[in-house]
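Working through the structure, step by step
Read off the chains here:
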Amino acid sequence: MKGYRAALLRFDPAAAPQQSAVYEADGLLVVGPDARGTQVVQAAGAWTTLAPRYPGLVVAHWPGRLIAPGFVDLHLHYPQTNVIGSPASGLLPWLENYTFPEEQRFESPDYSAAEAAFFLDELLRHGVTTALTFATSHPASVQALFTAAQQRQLRVITGLCLMDRHAPAALLNRAGPGGTDATEQSLIDSESLLQQWQGVGRLGYAITPRFAPTSSDAQLRGAGELAARHPQAWVQSHVAENPDEISWARALFPQSRSYLATYADFGLMRERSVYAHCIHFDDADRALMCETGAAAAVCPTSNLFLGSGFFDYAAADLAGFCYGLASDVGGGTSFSPFHTMLAAYYVGREGQAKPGLSLSPQQLWWQHTAGAAQALGLDGRGGGPAVGNLQPGCEADFVVLNPQATPLLARRTGRAATLDELLFALIVLGDDRVVERTVISQAI
Ligand code: GUN
Ligand code: ZN
């Protein structure tokens, strides 16, 4: 058992996200193993109330610092670290000119290993402790990421990118040695990677059709069958990001009611399915998200950078489907959860239904922690692991933030009169310098 004393931020799962933050100016986090040996939060609260209950507890004391849940990045691409900030007029030229050429390099296990190491170290440096990320269409890229994540005890979910058409040949899934065609081999490879890694330590497998336009009917159908056979695994893809992409998807799958409905028609919408972007939806799409239990990964820096549009928070809340924040590196411009939360605030203002309404700092922070964990089904429902929060029972991944990390931040946080002002100052002025350390529960 070990204690950590500093200001403490966590979220009340029963409260509305905009008012769910629970804050102790002088808090104590007690961490110790549960029945399965997982390091979890044993207690969290005010130092003065909790400390007497734990005589002899070894306590790390960080005066002036803030302990907060490790961030959850609900959608990004580890093979796109090197294309962040590549200029393009929109999604499809960006994919063609920068992303597809870079992803071809992940055929090499050595390149994949080096990139996986850099990527995961960037996540840690920015305070991200759980990530749902794309790899490439090469099995070596998946092996490299899982191996590197296991070494760091990070909670990483990834999978083989399924794409059997409409991309450069070097990026399409490959035919098998025994004469199996590329589509069938991609599904065989997905299932064997899933069986190798799903549930190993903190790792999870995501069945990963890149997006409908780069998969044949047969591949989407096979992916849906995999999803039905393995309900504990995740599904990840992209949808309704950009008008040209949507027209393309509609032309290829005219029998479906909408682009999103294409995925449902192939059995790819269910709990633990996470769709990136979800911008250009109608009400029937939103209802489909609710009915199926699928979640949206909101990617504001990417959507602003690629000019894709604005996620409609008001409509999502009205419909009631789950969503959380995501960097979408390399369409997104930063690994920093602070940059992503600030961009989400801008997006929320743009789409606001009534003048004056905007996303509260607590709601923004929740979206990148407990809300994103809920979208992944990792909020402890049904007795499974919980992340993204520091309530008792949660895996004890946390960040130690320094509200004085820069001169301006110190001035501004020093004048914060309320919790919302403090959180907003960190969101607006913070970046990787604010994250003094990232603590991974299993490595304690
Ligand atoms: N749609 C299909 N592939 C991608 C990708 O790599 N990035 C983004 N932003 N959208 C996509
Ligand atoms: Zn993406």
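Just so it is clear, the model here is predicted, and its values are computed rather than measured. (Residues numbered from 1 in each chain as written. Chains lettered and ligands numbered in written order. Predicted model: local features only at pLDDT ≥ 70, side-chain atom pairs only at ≥ 80, totals over all residues. Heavy atoms only, no water.)

Some words on the overall build of the protein chain
Of the regular secondary structure elements, the protein chain holds 16 helices and 15 strands. Taking 2.2 N^0.38 as the reference for a compact globule, 444 residues should give roughly 22 Å; the C-alpha atoms of the protein chain span a radius of gyration of 21 Å, in line with that estimate. Here the C-alpha coordinates of the protein chain stretch approximately 65 × 50 × 40 Å along the principal axes. Going through the 444 residues of the protein chain one by one, you find that 59% of them count as buried. Taking as baseline every contact in the protein chain between residues at least 6 positions apart, the subset at least 24 positions apart corresponds to 74%. Summing over all exposed atoms, the protein chain offers an accessible surface of approximately 16,000 Å²; the carbon and sulfur share of this is 53%. Taking the average location of the 29 positive side-chain charges in the protein chain and that of its 41 negative ones, the two points are 8 Å from each other. (Helix = DSSP H or I, 4+ residues; strand = E, 2+ residues; numbered from the N terminus. Rg over C-alpha atoms; globule rule 2.2 N^0.38 Å. Buried < 20%, exposed > 50% of the residue type's maximum accessible area, 1.4 Å probe, protein only. Contact = heavy atoms within 4.5 Å. Areas by Shrake-Rupley, 256 points an atom, 1.4 Å probe, with all protein chains shown as cover. Lys, Arg positive; Asp, Glu negative; His and termini not counted. Charge placed at Lys NZ, Arg CZ, Asp CG, Glu CD.)

Here we look at the site of ligand 1
Ligand 1 sits among H77, Q80, L91, W94, L95, R210, F211, H238, E241, H277 and D328. A distance of 3.5 Å separates a nitrogen atom of ligand 1 from a polar side-chain atom of H277. Within the side chain of D328, one N or O atom sits 3.0 Å away from a nitrogen atom of ligand 1. Summarising the interface, the protein chains cover 100% of the accessible area of ligand 1, which totals 280 Å² for the free molecule. It is helix 2 (residues 91–103) that contributes the most residues to the shell around ligand 1, 3 residues altogether. Grouping the constituent residues of the shell around ligand 1 by class yields 4 nonpolar, 4 polar and 3 charged. (Near = heavy atom within 4 Å. Polar contact = N/O pair within 3.5 Å; in protein donor to acceptor, adjacent residues only side chain to side chain. Nonpolar A, V, L, I, M, F, W, Y, C, P; charged D, E, K, R; others polar.)

Some points on the sheet that holds strand 15 (residues 435–439)
With mixed pairing, the 6 strands of this open sheet are ordered in space as 3-2-1-4-14-15. Two strands bound the open sheet, and with one partner strand each, they are strand 3 (39–46) and strand 15. Strand-to-strand twist in this sheet, taken as the mean axis angle between neighbours without regard to direction, amounts to 40°. Note that strand 1 (residues 2–11) and strand 4 (residues 59–69) share 5 bridges and pair parallel. Residue pairing across strands places Y4 opposite A60, the latter belonging to strand 4. (Pairing = 2+ DSSP bridges. Axes fitted to C-alpha atoms, helices over the stretch in contact; angles between N-to-C directions.)

Quick word on the environment of C278
With respect to the element layout, C278 can be found in the loop between strand 11 (273–277) and helix 9 (283–292). Taking the C-alpha atoms as reference, C278 lies 9.3 Å from F310; in sequence the two are 32 residues apart.

Some remarks on the environment of Y263
Note on placement: Y263 falls in helix 8 (residues 259–265). For the pair Y263 and F211, spaced 52 residues apart in sequence, the C-alpha separation works out to 9.2 Å.

Things to note about the packing of aromatic side chains
Here the distance between the centres and the angle between the planes together describe a pair of aromatic rings. For the coordinates displayed, the defined rule picks out 21 aromatic pairs. Three or more aromatic residues link up through ring pairs in this structure, and these residues are Y78, F106, Y111, F119 and F335. Here the basic side chain of R5 rests over the ring of W47, its NZ or CZ set 4.0 Å away from the ring centre. (Phe/Tyr/Trp six-rings, centres within 6.5 Å; stacked < 30°, edge-to-face > 60°. Lys NZ or Arg CZ within 6 Å of the ring centre and 35° of its normal.)

Looking at the coordination of the zinc ion (ligand 2)
Protein ligation of the zinc ion (ligand 2) involves H75 (NE2), H77 (NE2), H238 (NE2) and D328 (OD), the donor distances falling in the range 2.0 to 2.4 Å. Bound by 4 donor atoms, the zinc ion (ligand 2) shows angles of 90 to 165° at the metal and therefore irregular coordination geometry. Donor residues for the zinc ion (ligand 2), ordered by position in the chain, follow H-x1-H-x160-H-x89-D. Remark: H238 occurs in strand 10 (residues 234–239) and H75 occurs in strand 5 (residues 71–77); sequence separation between them is 163 residues. Of the two residues examined, H75 and H238, each falls in the buried class. (Donors = N, O, S within 2.8 Å, 3.2 Å for Na, K, Ca; no water. Tetrahedral: all angles 85-135°; square planar, octahedral: opposite > 155°, others 65-115°.)

A word on the side chain of S186
Relative to the elements of secondary structure, S186 occurs in helix 5 (residues 182–197). Among the polar contacts listed, one links the side chain of S186 to the side chain of Q219, at a separation of 2.9 Å. Those residues within four positions of S186 in sequence are excluded, and the remaining contacts are L160, L162, N173 and Q219.

Digging into the nonpolar core
I207, F311 and W365 are the most contacted members of the largest nonpolar core, which has 106 residues in total. The contact partners of F311, leaving out residues within four places of it in the chain, are H277, C278, I279, A296, V298, A316, F321, Y323 and V347. Core analysis: the next-biggest nonpolar cluster, separate from the first, contains 18 residues, I157, A276, A373 and L376 among them. (Core = buried A, V, L, I, M, F, W, Y, C linked by side-chain atoms within 4.5 Å.)

Some details on a nonpolar patch on the surface
Together, L304, F310 and Y346 line one region of the surface with nonpolar side chains, adding up to about 280 Å² of accessible area. With respect to the helices and strands, the residue F310 is situated in the loop between helix 10 (300–305) and helix 11 (313–319). (Patch = residues over 30% accessible without salt bridge, like charges linked within 9 Å, V, L, I, M, F, W, Y side chains within 5 Å. Salt bridge = Lys/Arg side-chain N within 4 Å of Asp/Glu carboxyl O.)

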